[in-house]
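Fold and contact review
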Amino acid sequence: MNRQNILLRIWKFYISGFKNMSNWGRQVWLIILVKLFIMFVILRIFFFPDFLKSNFDTDKERSEHVLDVLTKSK
Amino acid sequence: MIEIADVSLVDWSRAQFALTAMYHWIFVPLTLGITFIIAFMETLYVKTGKEEWKKITKFWMTLFGINFAIGVATGIILEFEFGTNWSNYSWFVGDIFGAPLAIEGILAFFMESTFIAIMFFGWNKVSKKTHLLATWLTAIGANLSALWILVANGWMQKPVGMIFNPETARNEMDNFWEVLFSQTAVDKWLHATSSGFVLASVFVIGISAWYLLKNREIMLAKKSILVAAVFGLISSVYLVMTGDNSTRTIANDQNMKFAALEGLYNGSEGAGLVAIGVFTESETDPQNENLKDFSMKLEIPNFLSYMAFLDWNAFVPGINDLINGNEKYGYMPATEKIERGKVAIQKLGEFKNAKKAGNDQLANALKTELTSAGFQEDYFKYFGYGYFDDPQDLVPNVPLTFYSFHVMVLLGFFFILLFVLSLLYIVKGTFDKKRWFMRLAIIAIPLAYIAGQAGWIVAEVGRQPWVVQDLMPTMAAVTRISAGSVQTTFWLFAVLFTVLLIAELKIMFRQIKIGPKH
């Protein structure tokens with residue numbers, strides 16, 4: 001069996017699985033999609049920027065910042 | 001004196017992480033255990049060829065599917081929080097965490113996602129044996145995913161297999177196997193996964209008991225109880241063994257946590273184990289939230305010494321021994337550790353300043369000193385202590401740790417009794433005649449979740465004030481952002497996760513009511 005055939009069978013397997021999904025399956029998929037949208041599009045972008053990545057350009061700067069914080073005196 | 005983040009920011013950051021982790025742990029343990037129960041049921045179907053086992057397997061698979069789907073990716077939020085709220089910590093531990101978390105991601109994606117698809121879509125499309133293999137691999141994959149997360153957590157409780165690089169301010173892994181097979185990591189994995197097995201067994205027995213109470217799905221309920229009771233009994237005995245081992249590791253590596261979980265203030269030889277106890281305000285210092293006396297306690301003489309060191313007369317240090325020191329038994333006073341920590345921080349600061357000033361000769365000399373075995377052992381080992389001034393700040397919340405530990409342990413023994421009686425009644429054929437027991441089995445479901453959460457409170461509150469034991473306290477780990485923004489995301493998560501939980505419960509209850517026929 002050639003590779004294309006296997007990929008096609010896998011594709012058909014998933015398509016048929018989703019098409020014949022039960023009612024609860026459709027509901028949870030809807031929840032998964034809404035959840036992933038909220039997490040990755042809303043929360044990740046607007047509420048959870050990576051502090052060190054967004055405030056410093058290089059690893060050297062990030063190291064220096066953390067060293068500053070860890071050793072800073074009052 | 002070292003500058004620290006303000007208390008409100010630290011508290012809100014902790015509350016946010018705790019909320020996310022606790023909600024995540026609502027979904028995880030059922031997945032860890034029920035996948036094995038389903039695999040046993042499907043094995044019986046393949047072995048016997050009886051359609052009833054297929055029906056049973058498919059029913060529990062449905063409930064697993066709902067739980068898995070609602071819980072999927074909730075753990076990723078913890079990783080968001082690492083980058084936003086715990087950036088100092090993330091940077092400090094980055095190289096150690098990178099490998100286990102990457103392996104976890106790959107395993108979770110390829111093993112769970114692929115084999116779960118075969119589990120749900122593959123009936124009548126792949127052979128019985130292939131389907132069974134997919135079910136077993138889903139169970140194994142889920143538990144192996146947990147291994148990598150718990151290895152990372154174990155490292156925080158007992159940092160091993162790394163070298164601190166002062167140039168990058170990061171801990172770099174120098175021995176992967178030491179990190180993977182650290183006793184703390186192994187204990188954590190075995191104990192956490194076996195707690196998932198117990199929870200899933202209680203879940204299956206409880207729902208089956210509900211069917212029997214309603215006089216419905218009799219065959220499904222009785223057969224499910226049999227499988228779950230056997231699996232649950234074996235798992236719960238194993239849970240006690242892994243818990244016992246874990247406690248011994250804590251006694252050796254995190255003795256303050258060990259003293260807190262037993263409410264032991266003054267250490268002694270032949271220390272007794274407080275099986276049940278109730279705290280009251282201390283007579284000597286009523287204002288001190290962490291200093292308590294027992295208003296009543298049931299103590300088993302010498303048992304704590306044996307539990308901690310397998311010696312009935314061994315000395316078990318109490319909180320006061322660890323704070324004030326105990327020369328006779330070799331416990332250094334906290335003030336000494338604080339001084340050594342301050343020396344380590346100061347030396348790191350001097351290195352940083354030398355680098356900034358371009359004084360490479362001095363920087364290289366300081367780096368050599370910082371990374372020397374002698375300095376690591378005498379000073380860097382206590383690095384985190386340098387952020388404290390008051391030794392009392394090194395004491396975790398004793399009542400919360402104590403009560404959580406005792407709730408977890410007592411519930412653990414209650415589950416053993418539940419499984420023994422379930423097995424006894426189901427074998428004798430009297431399970432469906434004991435209404436009180438069926439009701440008890442239903443009530444046990446939330447209790448299993450409480451036990452799991454209590455276990456994590458012991459693990460995480462008990463190790464405070466550390467995020468990385470002895471090296472990094474929580475207050476040094478947080479990102480200096482506004483407490484208000486952390487508060488906002490805390491409430492966002494509270495709403496999001498509560499909605500998810502309600503959705504799960506609603507869909508799950510409806511499927512349970514519908515039962516296996518549909």
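- The name given to chain B in an unreviewed UniProt entry is Cytochrome ubiquinol oxidase subunit I, with the source organism recorded as Maribellus comscasis.
- Here chain B is described in UniProt, under the heading Sequence similarities (unreviewed entry), as follows: "Belongs to the cytochrome ubiquinol oxidase subunit 1 family."
- What the UniProt record of chain B gives under Subcellular location (unreviewed entry) is the line "Cell inner membrane".

- The name given to chain A in an unreviewed UniProt entry is DUF4492 domain-containing protein, with the source organism recorded as Maribellus comscasis.

1. Side note on the overall build of chain A
- For chain A, the count of helices and strands is four helices and zero strands.
- Element order for chain A, N to C, with α for helix and β for strand: α-α-α-α.
- For 74 residues, the compact-globule estimate of 2.2 N^0.38 gives 11 Å, and chain A exceeds it by more than 25% at 23 Å.
- Expressed as lengths along the three principal axes of its C-alpha atoms, the size of chain A is roughly 65 × 35 × 15 Å.
- Within chain A, the proportion of its 74 residues that are buried is 31%.
- In the form shown here, chain A has an accessible surface area of approximately 5,200 Å², with 63% of it arising from carbon and sulfur atoms.
- Side-chain charges of chain A comprise 12 positive and 6 negative groups, with the mean position of each set lying 23 Å from the other.

2. With respect to the UniProt feature "transmembrane region" (unreviewed entry) in chain A
- As annotated in UniProt, the feature "transmembrane region" (unreviewed entry) corresponds to residues 28–47 of chain A in the numbering used here.
- A helix fraction of 100% and a strand fraction of 0% characterise residues 28–47 of chain A, whose end C-alpha atoms lie 25 Å from each other.

3. A short note on a nonpolar patch on the surface
- Taken together, A:Phe37, A:Phe40, A:Val41, A:Ile42, A:Ile45, A:Phe46, A:Phe47, B:Ile76 and B:Leu492 make up a surface patch of nonpolar side chains, about 770 Å² in accessible area.
- For the nonpolar patch, the leading source of residues is helix α2 (residues 23–47) of chain A, giving seven residues.
- Assignment of secondary structure puts B:Leu492 in helix α18 (residues 483–514).

4. What about helix α3 (residues 76–85) of chain B?
- Burial runs high along α3(B): eight of the 10 residues are buried.
- Residues of α3(B) that are buried include every one of B:Ile77, B:Leu78, B:Phe80, B:Glu81, B:Phe82, B:Gly83, B:Thr84 and B:Asn85, and no others.

5. Describing a positive patch on the surface
- A cluster of basic residues, B:Lys214, B:Arg435, B:Arg439 and B:Lys513, forms a positive patch on the protein surface.
- Looking at the secondary structure, you find B:Lys513 in helix α18.

6. Topic: the nonpolar core
Residues and elements named next belong to chain B.
- Ile-34, Trp-60, Leu-63, Val-202, Phe-203, Phe-415 and Phe-431 are the most contacted members of the largest nonpolar core, which has 84 residues in total.
- By residue number, the principal contributor to this core is helix α7 (residues 183–213), which donates 13 residues.
- When neighbours within four sequence positions are excluded, Leu-63 is seen to be in contact with Phe-203, Ile-207, Met-508, Gln-511 and Ile-512.
- Formed by 79 residues, the second largest nonpolar core is a distinct cluster that contains Leu-9, Ala-169, Ile-323 and Phe-375.

7. Concerning the pairing of strand β2 (residues 170–173) of chain B
Residues and elements named next belong to chain B.
- Relative to β2, strand β1 (residues 162–165) is paired through four bridges, and the arrangement is antiparallel. Of the residues in β2, the one forming a bridge with Phe-164 is Asn-171.
- Between β1 and β2, which pair antiparallel one after the other, the connecting turn spans four residues, and Ala-169 there sits at a positive phi close to 60°.

8. Here we look at the interface of chain A and chain B
- Of the residues lining the interface, 37 residues belong to chain A; the matching set on chain B comes to 58 residues.
- Both sides of the chain A and chain B interface together cover about 4,100 Å² of buried area, and 74% of this is carbon and sulfur.
- For the chain A face of the interface with chain B, the top three residues by lost area are A:Trp24, A:Phe48 and A:Leu70, together amounting to 19%.
- For the pair chain A and chain B, the interface holds two salt bridges.
- Its salt-bridge partner being B:Lys352, residue A:Asp68 comes within 3.1 Å of it at the nearest N-O pair.
- Counting the contacts that link chain A with chain B gives 12 residue pairs in polar contact (both at pLDDT 80 or more).
- Elements represented by at least two residues in the side of chain A that touches chain B include exactly α1 (3–19), α2, α3 (51–55) and α4 (59–71) of chain A.

About the cut-offs
- Residues numbered from 1 in each chain as written.
- Chains lettered and ligands numbered in written order.
- Predicted model: local features only at pLDDT ≥ 70, side-chain atom pairs only at ≥ 80, totals over all residues.
- Heavy atoms only, no water.
- UniProt positions renumbered as here; feature names shortened; annotations may be inferred.
- Helix = DSSP H or I, 4+ residues; strand = E, 2+ residues; numbered from the N terminus.
- Rg over C-alpha atoms; globule rule 2.2 N^0.38 Å.
- Buried < 20%, exposed > 50% of the residue type's maximum accessible area, 1.4 Å probe, protein only.
- Areas by Shrake-Rupley, 256 points an atom, 1.4 Å probe, with all protein chains shown as cover.
- Lys, Arg positive; Asp, Glu negative; His and termini not counted.
- Charge placed at Lys NZ, Arg CZ, Asp CG, Glu CD.
- Patch = residues over 30% accessible without salt bridge, like charges linked within 9 Å, V, L, I, M, F, W, Y side chains within 5 Å.
- Salt bridge = Lys/Arg side-chain N within 4 Å of Asp/Glu carboxyl O.
- Core = buried A, V, L, I, M, F, W, Y, C linked by side-chain atoms within 4.5 Å.
- Contact = heavy atoms within 4.5 Å.
- Pairing = 2+ DSSP bridges.
- Buried area = accessible area lost by both parts, 1.4 Å probe.
- Polar contact = N/O pair within 3.5 Å; in protein donor to acceptor, adjacent residues only side chain to side chain.

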